[in-house]
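Summary of the model geometry
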Amino acid sequence: MSERRASILLVEDDERTRRAVMANLEGHGYGVRGAADGEEALVLWELRRPDLILLDLGLPGIDGLGVLRRVRRDATTPVIILSARGEERDKVEALDAGADDYLAKPFGMAELHARLRAALRRTLASEVDPSGVAVIGPLRLDPERRIVTVGDAELRLTPREYELLKVLLANAGRVVTRGRLLRAVWGTAYAEEGHYLHVYVGQIRRKIAALDPDGALSDLLVAEPGVGYRVRSADSEDS
Ligand code: CA
């Protein structure tokens, strides 16, 4: 699957937005099908099995979350949520239900293209690199040896700091919700303890900065207010 020939299902009930985004994506070589509601989306999903889904949350009939849950029953196809203002809670729920990323409306086409490329590249990367070694700039995490390095120096992390960084790096370029991070690193009993994350991310940032005098990694860990954290993508064009 080359990125440029990737097939996309765009689910959006606003006709002007749908037409404009479809025309732009087709102009960039993507194959695009449009759906105006959840029922049509699920029919096209069954028929076409697209490489990626752009999914509006607020839809007549079956809403975006319903579409996402149906898709996630049998596929890991990347799903990027298109969320309107006022859908903060829905957005987090969608990310926790397995959406890969979100774009807040109104979004620019350059941002949409960057997210698309990142999501499609993750699909390709997970197919060709089972070792799980993550590399972003001078930072490298080797999960088999449980070692993180910045340049030639070892980044000494506590076990929780290491797990937190590992989860974020495994999802490089995509936002990971606070709830998911807390459950992954601390366990379900801590799902509401969002302030832990703030403290631990701060510690990781300081330790990286001490080994990174040029600041090449200064924007590595990005806070997404109200949602969670994101490690910038390995590809600098997305940062
Ligand atoms: Ca809508």
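Rules behind the numbers
Residues numbered from 1 in each chain as written. Predicted model: local features only at pLDDT ≥ 70, side-chain atom pairs only at ≥ 80, totals over all residues. Heavy atoms only, no water. Helix = DSSP H or I, 4+ residues; strand = E, 2+ residues; numbered from the N terminus. Rg over C-alpha atoms; globule rule 2.2 N^0.38 Å. Buried < 20%, exposed > 50% of the residue type's maximum accessible area, 1.4 Å probe, protein only. Contact = heavy atoms within 4.5 Å. Areas by Shrake-Rupley, 256 points an atom, 1.4 Å probe, with all protein chains shown as cover. Lys, Arg positive; Asp, Glu negative; His and termini not counted. Charge placed at Lys NZ, Arg CZ, Asp CG, Glu CD. Pairing = 2+ DSSP bridges. Axes fitted to C-alpha atoms, helices over the stretch in contact; angles between N-to-C directions. Arc of directions from axis to C-beta. Domains from an automatic or database assignment. Buried area = accessible area lost by both parts, 1.4 Å probe. Salt bridge = Lys/Arg side-chain N within 4 Å of Asp/Glu carboxyl O. Polar contact = N/O pair within 3.5 Å; in protein donor to acceptor, adjacent residues only side chain to side chain. Nonpolar A, V, L, I, M, F, W, Y, C, P; charged D, E, K, R; others polar.

Let us look at the overall build of the protein chain. The helix and strand tally for the protein chain stands at eight helices and twelve strands. Since a compact globule built from 239 residues should have a radius of gyration of about 18 Å, the 18 Å found for the protein chain is in line with a globular shape. With the C-alpha coordinates of the protein chain rotated into their principal frame, the extents come out at 50 × 40 × 30 Å. A burial count over the protein chain gives 44% of its 239 residues as buried. Taking the contacts inside the protein chain whose residues are at least 6 apart along the sequence as the reference set, 60% of them involve residues at least 24 apart. Counting only carbon and sulfur atoms, one obtains 49% of the accessible surface of the protein chain, whose full area is about 11900 Å². Each charge class in the protein chain was averaged separately, 35 positive and 39 negative side chains, and the resulting centres sit 2 Å apart.

Strands sit in the order β6-β7-β8-β9 across an open sheet of four strands; the sheet is antiparallel. The open sheet has two edge strands with one neighbour each: β6 (134-136) and β9 (153-154). With respect to the sheet, helix α6 (residues 159-170) is in contact with β6, β7 (139-142) and β8 (147-150), its orientation differing from that of β7 by roughly 105°.

Along helix α4 (residues 88-96), the residues classified as buried are K91, A94 and L95. With its buried residues spanning 100° around the axis, α4 presents them on a single face. On its buried face, α4 is in contact with α3 (64-72), β4 (79-83), β5 (101-104) and β10 (175-177). Once α4 finishes, G98 follows within two positions and takes phi at roughly 115°, a positive value.

For the protein chain, the domain assignment lists domain 1 (7-124) and domain 2 (134-238). Once you take the C-alpha centre of each, domain 1 and domain 2 turn out to be 27 Å apart. With both sides pooled, the region where domain 1 packs onto domain 2 buries about 1200 Å², and carbon together with sulfur makes up 41% of that total. Between R174 and D100 there is a salt bridge; the shortest N-O distance is 3.3 Å. Across the contact surface, domain 1 and domain 2 share four residue pairs in polar contact (both at pLDDT 80 or more). Contributions of two or more residues to the side of domain 1 that touches domain 2 are made by α4, β5 and α5 (109-128). Broken down by element, the residue count for the side of domain 1 that touches domain 2 peaks at six residues, all from α5. In the side of domain 1 that touches domain 2, the residues fall into six nonpolar, no polar and eight charged.

The peptide bond linking K105 to P106 adopts the cis configuration, its omega dihedral lying at -5°. Looking at the secondary structure, you find P106 in the loop between β5 and α5. Despite not being glycine, R49 shows a phi value in the positive range, around 45°. Mapping R49 onto the fold places it in the loop between α2 (38-48) and β3 (52-56). On the accessibility criterion, R49 (36% relative accessible area) is partly exposed. In this structure, R146 is a non-glycine residue whose phi angle is positive, near 55°. Within the secondary structure layout, R146 lies in the loop between β7 and β8. You can call R146 partly exposed: its relative accessible area is 45%.

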